[in-house]
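Below are the chains, spelled out letter by letter.
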Amino acid sequence: MKAAFFASDYIAVGAMDFLLKKSSLACVVSNPDRPKGRGKKLSPNAAAEWALSNGVELMRPEKSPGSDVLKRFSELGVDCVVVMAYGKFLKDEILNFPKLGCLNLHASLLPHLRGASPVETAIAIGDNETGVSLMRITSEMDAGPVADSLSEKIFPDDTSKTLREKLRLLSAKLLEKNFAAIQNKTLHFTEQDSSKADYCRKLSKEDMAIDFRLPAKEIADCVRAFGGGIFKVGEATLKAGEVAAEKSTDFGEPGMVAEADPKRGLKILCGGGSALEIKTLQRPCMKMMPAREVLKSFSIAEGSIIKSFERIRPLIKK
């Protein structure tokens, strides 16, 4: 089997590693270099960087792949396409090309969390389990029939980074488990129950903004999922890093600063009789530090109210 792998994210590297070791990886198709970091230097994404580091042929079309990519597939003898976290819809000419099928590794237990951000959204909505599904690609997003899946627990201290690492390894296991069946065209597919489907959207920086009217547990889950939480004190925009949710008997409206002291730390009241302890905190143009250290030089008045940001768009929809 000679497979072309479409990917743009680190989560796909495990499955690509497996195919490379099986001498079954003909090429990688990814996205062009994009500006990164403060200097906005053009840099490859994680999947493209992996291909370059491992000497695997790399194609990076600006738009959805077309006839030029298919021509190269024919020259390479590509007979299977595998996709994971690529970020573009594939044209019918690509989907219909490989004789062994066009397969997708999706980082959720379908039909739950179809869409663009299943890893982060699973943590943010408080799921305690996720996984990877192997499915056939169809014209509707993540709606194709599923051949197999493997599950992975989400622990209370998991972040999107740690969960991505687990799913990176799990995707390789799932592909290895089904490798012979893919080669022999004996994969058995089961249609998804679309009545149970929900969709997660593409995320943005605005999703990091904290709404203290929510229960602290929901806020903490979002902070773990999105790599931090943003709130404003006066004109300063602060980023919470590590946080903890707890019950509270303090009286006050959501957003009230219950504690802000270099010795006692930083605690903010939230909805549902709860409070959010902010353990690490980042000021503008500074590194993330223990909140108690930040409070030695940055004053937050106890009893003051921190304004909540309202989430306008829900994380998932039916």
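The notes below deal with the structure included here. (Residues numbered from 1 in each chain as written. Predicted model: local features only at pLDDT ≥ 70, side-chain atom pairs only at ≥ 80, totals over all residues. Heavy atoms only, no water.)

## A word on the state of the cysteines
- Applying the stated rule across the entire model yields zero disulfides.
- Between C222, a free cysteine, and C270, which holds the nearest cysteine sulfur, the sulfur-to-sulfur gap is 12 Å. (Disulfide = S-S within 2.5 Å.)

## So, the environment of E191
- Residue position: E191 is located in the loop between α6 (160-184) and β11 (199-200).
- Residue classification places E191 among the exposed residues on the basis of a relative accessible area of 59%.
- For the pair E191 and V146, spaced 45 residues apart in the sequence, the C-alpha separation amounts to 6.4 Å. (Helix = DSSP H or I, 4+ residues; strand = E, 2+ residues; numbered from the N terminus. Buried < 20%, exposed > 50% of the residue type's maximum accessible area, 1.4 Å probe, protein only.)

## Regarding the pairing of strand β15 (residues 257-261)
- As paired strands, β15 and strand β16 (residues 265-270) are joined by four bridges and run antiparallel to one another. Following the sheet pairing, D261 is matched in β16 by G265.
- Hairpin connection between β15 and β16: a loop of three residues separates the two successive antiparallel strands. (Pairing = 2+ DSSP bridges.)

## Observations regarding the packing of helix α1 (residues 13-21) against helix α2 (residues 46-53)
- Between α1 and α2, the shortest axis-to-axis distance is 10 Å and the interhelical angle comes to 25 degrees. Relative to α2, α1 is oriented roughly parallel. Regarding α1 and α2, the two cross each other, and that crossing is right-handed. Across the interface between the two elements, V13, M16, D17 and L20 from α1 touch A46, A47 and W50 from α2.
- Residue composition of the contact of α1 with α2, by class: six nonpolar, no polar and one charged. (Axes fitted to C-alpha atoms, helices over the stretch in contact; angles between N-to-C directions. Parallel < 35°, antiparallel > 145°, perpendicular 65-115°, else oblique. Left-handed = near helix turned anticlockwise from the far one by under 90°. Contact = heavy atoms within 4.5 Å. Nonpolar A, V, L, I, M, F, W, Y, C, P; charged D, E, K, R; others polar.)

## Comments concerning the sheet that holds strand β8 (residues 114-115)
- Pairing is mixed in the open sheet, where three strands are placed in the order β8-β11-β20. Two strands bound the open sheet, and with one partner strand each, they are β8 and β20 (316-317).
- Pairing of β11 with β20 involves two bridges; the strand directions are antiparallel. Among the inter-strand pairings, Y199 is bridged to a residue of β20, identified as K317.

## As for the pattern of salt bridges
- Summed over all chains, the structure comprises 20 salt bridges.
- Two residues, R164 and D9, come together in a salt bridge whose shortest N-O distance is 2.7 Å. Of this pair, R164 sits in helix α6 while D9 is found in the loop between β1 (3-7) and α1, placing the two residues 155 residues apart along the sequence.
- Residue D9 is classed as partly exposed on the basis of its relative accessible area of 22%.
- For R34, the salt bridge identified is with E62, shortest N-O distance 3.3 Å. Taken together, the positions of R34 in strand β3 (residues 34-36) and E62 in the loop between β5 (58-59) and α3 (67-76) put the pair 28 residues apart, joining distant regions of the chain.
- Given a relative accessible area of 38%, R34 falls into the partly exposed group.
- Taken together, the shared-partner salt bridges connect E57, K71, R72 and E75 into one network. (Salt bridge = Lys/Arg side-chain N within 4 Å of Asp/Glu carboxyl O.)

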